[in-house]
Amino acid sequence: RIIVAGSINMDLVNHVKEFPKPGETIHGRGVDYLPGGKGANQAVAASLAGGDVTMIGAVGEDSFAEPLLSSLSERGVATGSVVRKPGTSGLAFITVSDAGENQIILSEGSNGKLRPEDVPAKQLADADVIVLQNEIPWETNLHVMQASRSERAKVVYNPAPVRQIPADAYPLIDLLVVNETEAAGLSGIEVASQQDAARAGRELLSRGARSVLVTLGAKGSLYLEGDGQPIFTPSFRVRAVDTTAAGDTFIGAFVAAGAQGLDTPAALRFATAASAIAVTREGAQASIPTRREIESFLAE
Ligand code: ADP
């Protein structure tokens, strides 16, 4: 069983030709309301990829709460442990350019109110893998990491948006998943190439993470574990229209593939295909493919 403890957001998405410069006002092409949040996206990705997934998180007492919960449950994610907090749900104001890049402003809302005591001990005890990001309070993440260690569940941590990880928390992480920005922010090593990713990844391993996965956007990803040879998985060539949730799709699909017994190289290829499909579609949760879609993409 897979537990994802993390954020649940409504993404308010606007499309523009180019991003505005500071002080500039431009017209968008209209707003879409799309369920997102890194936690919820990763939960949906793992569920659609075939995983048995339970979400732990918080929604507000506002009109966004119900659509956020039903977006999860319609995609097979168990939402019985999601709590409600006074105030608004998490909101993400997202702008997507014609080049397919995104800019995101987060308003954390109820995500910022998820406390360690909101995490049911029973859920952690039943889990094989626990997936965390940085859109809920660090205190809650740390509690889940420590509890997972005593329950022997594997901790997958995606420190996004990036913030420093206390030195004594690295050894609690079984798999640290970072994109180029996060890898650089944590390791202090600029990451643009596979070689940079290997250096940054080794630095993060030396701090105590058991394995590290650096995603490199359109280039692919690099997986490092112990003293073994790094595994580079090139991305698939596709026409990207919206890279929102590329990393989330990758993580969810990778975790689900591992839970279904695929070995690491096969799970990496599966996740690479899942995220390639996601970037060809608009939106966060709406862009995440099913296991069937991933398998037929790989068979092409
Ligand atoms: P994040 O979304 O967290 O910034 P990345 O941009 O590194 O993460 O993307 C995660 C994964 O998604 C990559 O490792 C790659 O497999 C896939 N991906 C991202 N962008 C593209 C693209 N333009 N074409 C094909 N695959 C992509």
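See the structure shown above.
Residues numbered from 1 in each chain as written. Predicted model: local features only at pLDDT ≥ 70, side-chain atom pairs only at ≥ 80, totals over all residues. Heavy atoms only, no water.

A.B. asks: Looking at this structure, how should I read the nonpolar core?
C.D. replies: Nonpolar side chains in soluble globular proteins tend to end up buried together. Of all hydrophobic cores here, the largest spans 48 residues; its most connected members are Ile2, Ile8, Val131, Val156, Leu213 and Phe254. For this core, the leading source of residues is helix α8 (residues 264-279), giving eight residues. Those residues in contact with Leu213 that lie beyond four places of it in its chain are Leu175, Leu176, Val177, Val178, Ser221, Leu222, Tyr223, Phe250, Phe254 and Leu268. (Core = buried A, V, L, I, M, F, W, Y, C linked by side-chain atoms within 4.5 Å. Buried < 20%, exposed > 50% of the residue type's maximum accessible area, 1.4 Å probe, protein only. Helix = DSSP H or I, 4+ residues; strand = E, 2+ residues; numbered from the N terminus. Contact = heavy atoms within 4.5 Å.)

A.B. asks: Even after reading the chapter, I still don't get the sheet that holds strand β11 (residues 175-178), so can you show me in this structure?
C.D. replies: What links the strands of a sheet is backbone hydrogen bonding, and the strands pair in either a parallel or an antiparallel sense. Strand order in this open sheet of eight strands is β4-β1-β9-β10-β11-β12-β13-β14, and the pairing throughout is mixed. The two strands at the open ends of the sheet, each matched to only one other strand, are β4 (53-56) and β14 (231-234). Neighbour to neighbour, the strand axes of the sheet diverge by 15 degrees on average, direction disregarded. Of the pairings in the sheet, the one linking strand β13 (residues 220-225) to β14 comprises four bridges and is antiparallel in character. Each residue of the ladder has a partner; that of Tyr223, found in β14, is Ile231. (Pairing = 2+ DSSP bridges. Axes fitted to C-alpha atoms, helices over the stretch in contact; angles between N-to-C directions.)

A.B. asks: How should unusual backbone geometry be read in this particular structure?
C.D. replies: Where the residue is not glycine, phi is negative for most of them; where a peptide bond is considered, it is trans in most cases. For the bond from Ala160 to Pro161, the omega torsion is -10 degrees, close enough to zero to count as cis. With respect to the helices, strands and loops of the structure, Pro161 is situated in the loop between β10 (154-157) and β11. One non-glycine residue, Arg152, lies in positive phi territory at about 65 degrees. Tracing the sequence through the fold places Arg152 in the loop between α4 (138-151) and β10. Overall, the relative accessible area of 76% leaves Arg152 in the exposed class. One non-glycine residue with positive phi stands out, namely Ala245, at about 70 degrees. Secondary-structure assignment places Ala245 in the loop between β14 and α7 (246-259). We classify Ala245 as buried; its relative accessible area is 9%.

A.B. asks: Explain the pattern of salt bridges to me, please; I cannot follow it from the model alone.
C.D. replies: As a working rule, side chains carrying opposite charge can pair if their charged atoms are close by. Going through the model one piece at a time under the given rule, you end up with twelve salt bridges. Note that Glu293 and Arg281 form a salt bridge whose closest N and O atoms lie 3.0 Å from each other. One end of the pair, Glu293, is in helix α9 (residues 291-299); the other, Arg281, is in the loop between α8 and α9, with twelve residues separating them in the sequence. The exposure class of Arg281 is partly exposed, given its relative accessible area of 26%. Residues joined by salt bridges that share partners form a network here, namely Arg1, Lys122 and Asp126. (Salt bridge = Lys/Arg side-chain N within 4 Å of Asp/Glu carboxyl O.)

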